[in-house]
Amino acid sequence: MKSFPWSRPFWPNGLEKDVPERRLGIDFDSSWARRYPVRLARAAFTDFAASPVVRLLATPTVHGRDQLDRTAGPVILAANHASHLDTPLLISTLPVHLRHHLVVAAAADYFFDRTWKAMLWSLELNAIPMERARVNRRSAELAAELLEQGWSLLIFPEGGRSPDGWLQELRGGAAYLSQRTQAPIFPVHISGTRDILAKGSRRLHRAKVTITFGTPLSSSVSHAADHTAGPAKASEPVRPALSSRRLG
């Protein structure tokens, strides 16, 4: 009979085994994705692979980008959300100094529920896990810390893709982070991406896309919102820029 190390070690009956901790979801550590070698690889992938491929489906008409050209950062980009293409298309339109120093708030229960997904989106998008049902202290602390370090943040206040193209109820995370870090909020209106790839669809179609960067909202405007009244009230300064017409 073979013995250890030539066979599996024996575990005594009745002794409870320790279950390895799975650090996924909101607990996933994405800090490795912000190390310089990874950032360099992501910048090359974004500029020479992802952006050209996405632009085969749509070459967006962009309005208001000059405001970002004049902004050193960090900033909070708060956009409506109708398609998985919103993120790569929006990133491709940003000035270089913001594009390569950006983190993306992504749903912890969707993009970080499996190890391979968490690794993939951290690598490709510099995504960080965000609780979308409420303002989670852990995710809020991480986002605030990164903003204070000079990283800009892309966040979708609806918490997910719109099923019908109309703006959904907004969460208050963007307003909270602006008030806490003094970073201005740039509302972003994305139109047309739902026609390319709608929620639940598996087929891609070319379509006209327009991306409009609105007038920045200062942290003083965010502070004026009543955060104690809930996320809908806290997000009131952002909503007009996103709900002027049907989105996506």
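Everything numeric in this text was worked out from a predicted model, so none of it was measured. (Residues numbered from 1 in each chain as written. Predicted model: local features only at pLDDT ≥ 70, side-chain atom pairs only at ≥ 80, totals over all residues. Heavy atoms only, no water.)

**Q** Tell me what's going on with the overall build of the protein chain, and back it up with residues and numbers.
**A** Check the secondary structure of the protein chain and you find 12 helices and seven strands. Each of the 248 residues in the protein chain was classed as buried or not, and the buried ones make up 46%. For the protein chain, restricting intrachain contacts to residue pairs at least 6 apart in sequence, the fraction spanning at least 24 positions comes to 77%. Within the structure as shown, the protein chain displays about 13500 Å² of accessible surface, and the carbon and sulfur contribution to it stands at 55%. (Helix = DSSP H or I, 4+ residues; strand = E, 2+ residues; numbered from the N terminus. Buried < 20%, exposed > 50% of the residue type's maximum accessible area, 1.4 Å probe, protein only. Contact = heavy atoms within 4.5 Å. Areas by Shrake-Rupley, 256 points an atom, 1.4 Å probe, with all protein chains shown as cover.)

**Q** Give a description of the pattern of salt bridges that names residues and reports values.
**A** Close approach of charged atoms allows side chains with opposite charge to pair. Evaluated as defined, the whole model comprises six salt bridges. For arginine 70, the salt bridge identified is with aspartate 66, shortest N-O distance 3.0 Å. Look at arginine 70 and you get exposed, because its relative accessible area is 62%. Take aspartate 66: its relative accessible area is 40%, and that puts it in the partly exposed class. (Salt bridge = Lys/Arg side-chain N within 4 Å of Asp/Glu carboxyl O.)

**Q** Run through the packing of aromatic side chains, naming residues and quoting values.
**A** Across all of its chains, the model carries three aromatic pairs by this definition. With 5.6 Å between their ring centres and 45 degrees between their planes, phenylalanine 28 and phenylalanine 112 make a pair best called tilted. With phenylalanine 28 in the segment before α1 (36-57) and phenylalanine 112 in the loop between α5 (108-111) and α6 (115-125), this residue pair connects regions lying 84 residues apart in the sequence. A relative accessible area of 10% means that phenylalanine 28 is categorised as buried. Note on phenylalanine 111 and tryptophan 121: the rings are 5.7 Å apart at their centroids and 90 degrees apart in plane angle, and the pair reads as edge-to-face. (Phe/Tyr/Trp six-rings, centres within 6.5 Å; stacked < 30°, edge-to-face > 60°.)

**Q** Explain the environment of alanine 72 to me, using residue names and the numbers behind them.
**A** Checked against the element boundaries, alanine 72 lands in the loop between α2 (66-69) and β2 (76-79). In this structure the C-alpha to C-alpha distance between alanine 72 and histidine 97, which are 25 residues apart in sequence, comes to 7.7 Å. Leave out the neighbours within four places in its chain, and alanine 72 touches His97 and Leu98.

**Q** Requested: an account of unusual backbone geometry, with residues and values cited.
**A** In this chain, glycine 73 is followed by proline 74 through a cis amide linkage whose omega measures 0 degrees. Counting through the fold element by element, proline 74 comes out in the loop between α2 and β2. In this structure, asparagine 126 takes a positive phi of about 55 degrees despite not being glycine. With respect to the secondary-structure elements, asparagine 126 resides in the loop between α6 and β4 (127-130). Judged by relative accessible area, which is 0%, asparagine 126 ranks as buried. Of note in this structure, glutamine 182 is not a glycine but carries a positive phi near 70 degrees. The residue glutamine 182 is located in the loop between α8 (173-181) and β6 (185-191) in this model.

**Q** Lay out the nonpolar core with the relevant residues and their values.
**A** Side chains of nonpolar character tend, in soluble globular proteins, to be buried together. Of all hydrophobic cores here, the largest spans 26 residues; its most connected members are Leu77, Leu90, Leu154, Val188 and Phe213. Put simply, the parts of the chain that give this core at least two residues each are α1, β2, α3 (86-93), β3 (102-107), β6 and β7 (210-213). Each residue touching leucine 154, except ones within four places of it in the same chain, is listed here: Leu77, Ala79, Thr87, Leu90, Leu102, Val103, Val104 and Ala105. Listed in part, the 18 residues of the second largest apolar core include Ala78, Val103, Ala105 and Ala174. (Core = buried A, V, L, I, M, F, W, Y, C linked by side-chain atoms within 4.5 Å.)

**Q** Could you give an account of the packing of α1 against α3, with specific residues and numbers?
**A** Where α1 meets α3, the closest approach of the two axes is 10 Å, and the angle between their N-to-C directions is 120 degrees. Handedness of the α1/α3 crossing: left-handed. Contacts from Thr46, Ser51, Val54 and Arg55 of α1 reach α3 at Pro88, Leu89, Ile91, Ser92 and Thr93. Per-class residue counts for the contact of α1 with α3 are four nonpolar, four polar and one charged. (Axes fitted to C-alpha atoms, helices over the stretch in contact; angles between N-to-C directions. Left-handed = near helix turned anticlockwise from the far one by under 90°. Nonpolar A, V, L, I, M, F, W, Y, C, P; charged D, E, K, R; others polar.)

**Q** Describe α8, listing the residues and the values that go with them.
**A** Restricting attention to buried positions, one finds in α8 the residues Gly173, Ala174, Ala175, Leu177, Ser178 and Thr181. Downstream of α8 by a residue or two, glutamine 182 has a phi angle that is positive, lying close to 70 degrees.

**Q** Can you lay out α1 for me, pointing to particular residues and giving the numbers?
**A** Counted at 1.5 Å a residue, the expected span for α1 with its 22 residues is 32 Å, and the 31 Å between its end C-alpha atoms agrees. The largest bend in α1 is about 45 degrees, located at threonine 46. Buried residues along α1 sit in contact with α3, α4 (96-99), α6 and α9 (193-196). (Expected span 1.5 Å × (residues − 1). Bend = angle between axes of the 7 residues up to and from the residue.)

**Q** Outline the sheet that holds β7, listing residues and values.
**A** Judged by pairing direction, the sheet is mixed, and its seven strands sit side by side in the order β1-β7-β6-β2-β5-β3-β4 without closing on themselves. Both outer strands of the open sheet, β1 (61-63) and β4, are each paired with one neighbouring strand and no more. Strand-to-strand twist of the sheet, defined as the mean angle between neighbouring strand axes without regard to direction, takes the value 25 degrees. Inspection of the sheet shows β6 paired to β7 by four bridges, in the antiparallel sense. Across the sheet, residue histidine 189 finds its bridge partner in β7, namely threonine 212. On top of the sheet, helix α7 (residues 137-148) reaches β2, β3, β4 and β5 (152-155); it is set at about 145 degrees to β4, its chief contact. (Pairing = 2+ DSSP bridges.)

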